[in-house]
Amino acid sequence: MLPIAVSNRYSNLPPLPEALKRLDELAIDLWWSWNREARAVFRRLDYPLWRATAHNPARMLAIIPTATLEAKAADADFVFLYDRAIAALDAARGARHTWWANHFPQLGGKTIAYFSAEFALHQSLPIYAGGLGVLAGDHCKEAGDLGVPIIGVGFMYPQGYFHQHLSPEGWQEESYERLNWADAPIEQALLPDGKPCFTAVPLGDRTVLVAVWKVRIGRVQLYLLDTDREENAPWDRELSARLYGGDRETRIQQEIILGIGGVRVLKALGADPAVFHLNEGHAAFVVLQRIRDLTEQGS
């Protein structure tokens, strides 16, 4: 079943002090992960907790004592650091004179859809295995800094990629660790009318319902597909459970969800990319959905 909406993850907690009222917004925007001042905010907020949560601000704010927040709100040096980080976040999101805008002014308003089976952005969102994910994650971060209008599309894997262990006999053993949704820097993706985003994907003789999560990466948005819906059959709910899991048929079904479902999600969200980039063959079914769309439009 789809977890409780995390866009209001802190609604049951005491409100943040007025001086730090946007701390939760900073915590779930992974822009902080490559900005020194933003990282310093959370390090100085509660260093032992920063270490104990494996550098996960979303988790920190869920468990940090209210007294600590109030003390930091009264600390002028800390509030100054926080204000600088928030100002830098706003500047990163709204920058007009970016490299992209200066070099390609004729492409204003155009976007690039970036499809990948994995994105390595931060360890608090373990939806990657290795080099392909690191490449995709770095592309998103650099695109944000340069102003390149990328929209990422991938999978939300609650079990991520497996952890490797060696048996006494020297054989590889795999184990999966289920993600605590409330600790991940994600929120439900919303349609233009404010309703949660879903799409239906035909898969053989059945239809799979796909929910969508959003990850904020500065000025870049990443949308993650999730088939773990109670409306789906048990085997279909498992399609987005883990990265590169299952047999060949499972992998093909995942790729259909990513390619066809991803294009449909972007359309539902009101995006109209000028370019569709496929990070390796995992998103090959994007091409089939695009051919269908263009044919229906008479192109």
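Details of the structure are given in the entry above.
A short tour of the structure in this document, coming up. (Residues numbered from 1 in each chain as written. Predicted model: local features only at pLDDT ≥ 70, side-chain atom pairs only at ≥ 80, totals over all residues. Heavy atoms only, no water.)

Here we look at the packing of helix α2 (residues 36-45) against helix α6 (residues 76-94)
At their nearest, the axes of α2 and α6 sit 8 Å apart, and the two run at 145 degrees to each other. Taken as a pair, α2 and α6 cross one another with a handedness that is left-handed. The segment α2 lies against α6, with E37, A38, A40, V41, R44 and L45 engaging D77, F78, L81, Y82, R84 and A85. Of the residues assigned to the contact of α2 with α6, the class counts are 8 nonpolar, no polar and 4 charged. (Axes fitted to C-alpha atoms, helices over the stretch in contact; angles between N-to-C directions. Helix = DSSP H or I, 4+ residues; strand = E, 2+ residues; numbered from the N terminus. Left-handed = near helix turned anticlockwise from the far one by under 90°. Contact = heavy atoms within 4.5 Å. Nonpolar A, V, L, I, M, F, W, Y, C, P; charged D, E, K, R; others polar.)

Here we look at unusual backbone geometry
Unlike most non-glycine residues, A54 shows phi in positive territory, near 55 degrees. Within the element layout of this structure, A54 appears in the loop between α3 (47-52) and α4 (57-63).

Here's the deal with the environment of C197
When you line up the elements, C197 lands in the loop between β5 (187-188) and β6 (198-203). In this view, C197 contacts A189, L190, L191, V210, A211, V212, V265, A268 and L269; residues no more than four positions away in its chain are not counted.

Digging into α6
Over its 19 residues, α6 extends 27 Å from the first C-alpha to the last, a length consistent with the 27 Å expected when each residue adds 1.5 Å. Among the residues making up α6, those that are buried are F78, V79, L81, Y82, A85, I86 and L89. Projected onto a plane normal to the axis of α6, the buried residues spread over an arc of 160 degrees and lie on a single side. Exposed residues pointing more than 90 degrees away from the buried face of α6 are listed as A76, D77 and F80. You can read the cap of α6 off the contacts: a side-chain oxygen lies 3.0 Å from the backbone nitrogen of D77, and it is on D75. (Expected span 1.5 Å × (residues − 1). Buried < 20%, exposed > 50% of the residue type's maximum accessible area, 1.4 Å probe, protein only. Arc of directions from axis to C-beta. Polar contact = N/O pair within 3.5 Å; in protein donor to acceptor, adjacent residues only side chain to side chain.)

Things to note about the packing of aromatic side chains
Working definition: an aromatic ring pair is given by the centre-to-centre distance plus the angle between the planes. Under the definition given, this model contains 8 aromatic pairs. A ring pair is formed by Y114 and F119, whose centres lie 6.1 Å apart and whose planes are at 55 degrees; its orientation type is tilted. Here F119 falls in the buried class, since its relative accessible area comes to 1%. Aromatic side chains W181 and W213 sit 5.0 Å apart centroid to centroid with 40 degrees between the ring planes, which places their arrangement in the tilted category. Taken together, the residues span a long stretch of sequence, with W181 in the loop between β4 (172-175) and β5 and W213 in strand β7 (residues 206-217) at a distance of 32 residues. Using a relative accessible area of 11% as the deciding quantity, one classes W181 as buried. An aromatic cluster is present here, built from W32, F42 and W50 joined pairwise through their rings. (Phe/Tyr/Trp six-rings, centres within 6.5 Å; stacked < 30°, edge-to-face > 60°.)

Focus on the state of the cysteines
Scanning the model with the defined rule gives 0 disulfides in all. Free of any disulfide, C140 has its nearest neighbouring cysteine sulfur in C197, separated by 18 Å. The exposure class assigned to C197 is buried, which follows from its relative accessible area of 1%. (Disulfide = S-S within 2.5 Å.)

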